Amino acid sequence: CIEPFPLAFSVEVPAFMLLSGYFFSSKLPFLDFLKKKGRTLLIPFVVFYIFSYFIYYLFMWLYPPMSNMTAASGVLDCFSQRQYFNGPLWFLPCLFWSQVYMYGVEKYFPNVAVRGIIVGALGTLGFLLGKYGLFLPLSADIALSLLPYLYCGILLRKYDLFNRINIWTTIIAILVTAVLCYHGGLVSQPSLNFWPSNLPMTWLVYIATIYGITICCKYLGGVSCFAI
């Protein structure tokens, strides 16, 4: 259980999303892109989702109190709530939607600055959906709120931003992040689209986690070793 370390729980999903952006490509035609993402993300989701519920109902039949371990109630939960029995599976459709959104942004908005504004607006929309409890099926709302991380992963690779980080900006970023963490400002739960209650703090979450992940990748060699 990682609950004693809430910041780790807040950062792991953005880190995966940022890495996905680092390797993102929109060069394929849209239908081919959909087929590829459907084959690599949606089909595994459906297979493991159905298999997980089969196992869930089997164990629930063998041990009825197990039904209290999750808020999941049926195989159609992916269309009605954010919690499934096999919780980590939410990330597969979320990644699918985020890459579809990003494909549209890259195709229709060639200017980098305009893309940033559009991605920021979509991320804010995702935050508002989470704040007011508005749900979109198959993690489509969570994908909106995580889109800024995907886009920053794209920028990291495109502009080789690792080489623009120096020791002084690193120290400042660590100090600012430590202060925010101390006051609880960075605690979030991306899998449930739960972020700090106000938009400025949420964008501090975006900036601090993006910079923190980038620093780790630069100094620990996490991403640069995969660069093409």
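Here the residue numbers are simple positions, counted from 1 along each chain's written sequence. Restriction of local features to residues with pLDDT of at least 70 applies here, the model being predicted, together with a cutoff of 80 or more for giving and counting side-chain atom pairs; totals for whole chains, interfaces and linings are based on all residues. The side-chain values count all of the structure's non-hydrogen atoms but skip hydrogen atoms and water molecules.

Engineer: Teacher, can you tell me more about the nonpolar core here?
Structural biologist: For soluble globular proteins, the rule of thumb is that nonpolar side chains tend to be buried together. Membership of the largest hydrophobic core comes to 31 residues, with the highest contact counts inside it found for Met-17, Trp-90, Cys-94, Met-102, Leu-146 and Tyr-149. Helical segments are the DSSP runs of H or I of at least four residues, strand segments are the runs of E of at least two, and each set is numbered from the N terminus. Elements supplying a minimum of two residues to this core: helix 1 (6-22), helix 2 (30-62), helix 3 (91-108), helix 4 (112-131), helix 5 (140-158) and helix 7 (199-220). For this core, the element with the most residues is helix 5, which contributes 10 residues. Here the nonpolar core consists of buried residues drawn from Ala, Val, Leu, Ile, Met, Phe, Trp, Tyr and Cys, with membership extended through side-chain atoms lying within 4.5 Å. Think of it in three bands: residues with accessible area under 20% of the maximum for their type are buried, residues over 50% are exposed, and the middle band is partly exposed, with areas taken using a 1.4 Å probe on protein chains only. Residues Tyr-56, Cys-78, Leu-89 and Leu-138 belong to the second largest nonpolar core, which totals 7 residues.

Engineer: Would you take a moment to explain the confidence of the model for the chain for this structure?
Structural biologist: For any part of a model where pLDDT is low, the fine detail of the predicted coordinates should not be relied upon. For the chain, the mean per-residue pLDDT works out to 76, and 65% of the residues sit at or above 70. One confidence number per residue, pLDDT, is output by the predictor and ranges from 0 to 100. Mean pLDDT in the chain bottoms out at helix 6 (residues 167-182), which sits at 59, and peaks at helix 3, which reaches 94. Segment residues 222-228: pLDDT under 50, and 10 contacts once partners within four positions in sequence are set aside and those in other chains are kept. We call two residues in contact when some of their heavy atoms are within 4.5 Å.

Engineer: Would you explain helix 5 in this entry?
Structural biologist: Any helix carries an expected span of 1.5 Å times its number of residues minus one. With 19 residues, helix 5 ought to run about 27 Å at 1.5 Å a step, and its terminal C-alpha atoms sit 26 Å apart, in line with that. One fitted axis covers the seven residues ending at a residue, a second covers the seven starting there, and the bend at that residue is the angle between these axes. The axis of helix 5 is deflected most strongly, by about 50 degrees, at Leu-146, and proline Pro-148 appears within four residues downstream. For helix 5, the tally of buried residues reaches 16 of 19 residues, placing the bulk of the element in the interior. Among the residues trailing helix 5, Asp-160 stands out with phi positive, at a value near 50 degrees.

Engineer: Would you mind going over the packing of aromatic side chains with me for this structure?
Structural biologist: The relative placement of two aromatic rings is captured by the distance of their centres and the angle of their planes. Any two of the Phe, Tyr and Trp rings considered here, Trp counted by its six-membered ring, make a pair once their centres fall within 6.5 Å; the pair's planes then place it as stacked at under 30 degrees, edge-to-face at over 60, or tilted in between. Tallied over the entire structure, the rule returns 10 aromatic pairs. Seen from their ring centres, Tyr-22 and Phe-23 are 5.2 Å apart, and the 80 degrees between their planes marks the pair as edge-to-face. The class of Tyr-22 is buried, set by a relative accessible area of 5%. The class for Phe-23 is partly exposed, based on a relative accessible area of 41%. Seen from their ring centres, Trp-90 and Phe-91 are 5.6 Å apart, and the 85 degrees between their planes marks the pair as edge-to-face. Both residues of the pair, Trp-90 and Phe-91, count as buried. Taken together, the aromatic side chains of Phe-24, Phe-30, Phe-33 and Tyr-103 make up a single cluster linked through ring pairs. In this structure, Arg-157 is placed above the aromatic ring of Tyr-22, and the distance from its NZ or CZ to the ring centre is 5.7 Å. Note on criteria: charge over ring means Lys NZ or Arg CZ within 6 Å of the ring centre, with the direction from the centre no more than 35 degrees off the ring normal.

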